[in-house]
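Overview (structure and organization)
Here's the letter readout for the chains.
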Amino acid sequence: MRKQIAAANWKMNLTFEQADQLINELLNFSFQLNDNQLVLLGVPFPYLMMAQHHLRLSNGIFVCAQNCASTSNGAYTGEVSAEMLKSMDISFVIIGHSERREYYHENNALLSEKVNKALESKVKPVFCCGEPLAVREGNNQNSFVEQQLKESLFHLSSDQIRNFIIAYEPIWAIGTGKTATSEQAQEMHAHIRNVFAEKYGMEIADSISILYGGSVKGANAADIFGKPDVDGGLVGGASLVATEFQKIINSLKA
Ligand code: 13P
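If you're wondering where the values come from, they're calculated on a predicted model, not measured in any experiment.

Notes on helix 7 (residues 141-153)
- For helix 7, built from 13 residues, the straight-helix expectation of 18 Å at 1.5 Å per residue is met to within 8% by its first-to-last C-alpha distance of 18 Å.
- Taken as a whole, helix 7 has its buried residues at Gln 141, Val 145, Glu 146, Gln 148, Leu 149, Ser 152 and Leu 153. Along helix 7, the residues classed as buried sweep out an arc of 155° about the axis, all on the same side.

Some details on the pattern of salt bridges
- For the coordinates displayed, the defined rule picks out 14 salt bridges.
- Ionic pairing is found between Arg 2 and Asp 229, a salt bridge with its closest N-O pair at 4.0 Å. Remark: Asp 229 occurs in the loop between helix 11 (221-225) and strand 8 (232-235) and Arg 2 occurs in the segment before strand 1 (4-9); sequence separation between them is 227 residues. By the burial criterion, Arg 2 is buried, and Asp 229 matches it.

Some words on the packing of helix 1 (residues 16-28) against helix 2 (residues 48-55)
- Here helix 1 crosses helix 2 at 20°, and the two axes come no closer than 10 Å. With respect to helix 2, the axis of helix 1 lies roughly parallel. Crossing hand, helix 1 versus helix 2: right-handed. Residues Phe 16, Ala 19, Asp 20, Ile 23, Asn 24 and Leu 27 of helix 1 touch helix 2, and the partners they reach there are Met 50, Ala 51, His 54 and Leu 55.

Here's the deal with the packing of aromatic side chains
- For the structure shown, the criterion picks out seven aromatic pairs.
- Seen in terms of ring centroids, Phe 62 and Phe 92 are 5.7 Å apart; in terms of plane orientation they differ by 50°. Their pairing is tilted. With a gap of 30 residues between them, Phe 62 in strand 3 (residues 61-65) and Phe 92 in strand 4 (residues 92-95) connect regions that are remote in the sequence.
- On the basis of relative accessible area, Phe 62 is assigned to the partly exposed category, the value being 36%.
- Here Phe 92 falls in the buried class, since its relative accessible area comes to 8%.
- Taken together, the aromatic side chains of Phe 154, Phe 196 and Tyr 200 make up a single cluster linked through ring pairs.
- Geometry around Tyr 104 places Arg 100 over its ring, the cationic atom sitting 4.3 Å from the centre.
- Over the aromatic face of Tyr 200 sits the side chain of Lys 199, whose NZ or CZ is 5.8 Å from the ring centroid.

Points about the state of the cysteines
- In total, this model carries zero disulfides according to the counting rule given.
- Here Cys 128 stays unpaired: no disulfide links it, and the sulfur of Cys 129, its closest cysteine neighbor, is 7.6 Å away.
- Of the residues examined, Cys 128 reaches a relative accessible area of 1% and is grouped as buried.

Rules behind the numbers
Residues numbered from 1 in each chain as written. Predicted model: local features only at pLDDT ≥ 70, side-chain atom pairs only at ≥ 80, totals over all residues. Heavy atoms only, no water. Helix = DSSP H or I, 4+ residues; strand = E, 2+ residues; numbered from the N terminus. Expected span 1.5 Å × (residues − 1). Buried < 20%, exposed > 50% of the residue type's maximum accessible area, 1.4 Å probe, protein only. Arc of directions from axis to C-beta. Salt bridge = Lys/Arg side-chain N within 4 Å of Asp/Glu carboxyl O. Axes fitted to C-alpha atoms, helices over the stretch in contact; angles between N-to-C directions. Parallel < 35°, antiparallel > 145°, perpendicular 65-115°, else oblique. Left-handed = near helix turned anticlockwise from the far one by under 90°. Contact = heavy atoms within 4.5 Å. Phe/Tyr/Trp six-rings, centres within 6.5 Å; stacked < 30°, edge-to-face > 60°. Lys NZ or Arg CZ within 6 Å of the ring centre and 35° of its normal. Disulfide = S-S within 2.5 Å.

Below you can see the structure in the form of structure tokens.
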């Protein structure tokens, strides 16, 4: 059965002290995660070790990086390689967030290199896709997302795609307070699963966790996560508030 996942993306927020406090607050809640549920904390690079130290005894909660380099180690000032992440026992990395696509010009071809580097180092990508508002208004979102997936992921083998994690984040719903309806999320998630089924077969498509991202909060998480093809969420703003993120975790399907 595919995993149900609540993933926090802190983005470039919080001082070290605030980050330390937020993790402590989260760990003070008693989560009842079952074997099928995962919590990921996507923290900024400088806080990875601190978060890793806090979470070493927690069950089902893992540290996640927000990015990795498209190259192996070498003369790339300021970059962080997947191999470095793995050497710190960080096993998850967000790749292809729309903010990186937009502000740092990361395109589908570059993202496919990042996915390769992560997989080579046994770091699991949380691969983001999603359309801008103009594409949604033109009703072209299905082909837009399909192209993102094909250009960055379709070179992978069936074994590499099995249990993959995708995050569908419509750009118009990120940080805007404007959430896609649970029906819109379900419709796109079913489409994404179908795109994988056509290439890799239904059994593999069914093993992929597809998370929804875009203004998820405690009040709407259960409705969105309740849809059959929505396997949890990638959460920005609401993941910075411990009680909100707790509600989101508690909204995961069993
Ligand atoms: P918000 O939850 O703040 O809308 O951000 C979503 C997001 O971009 C998570 O990666």
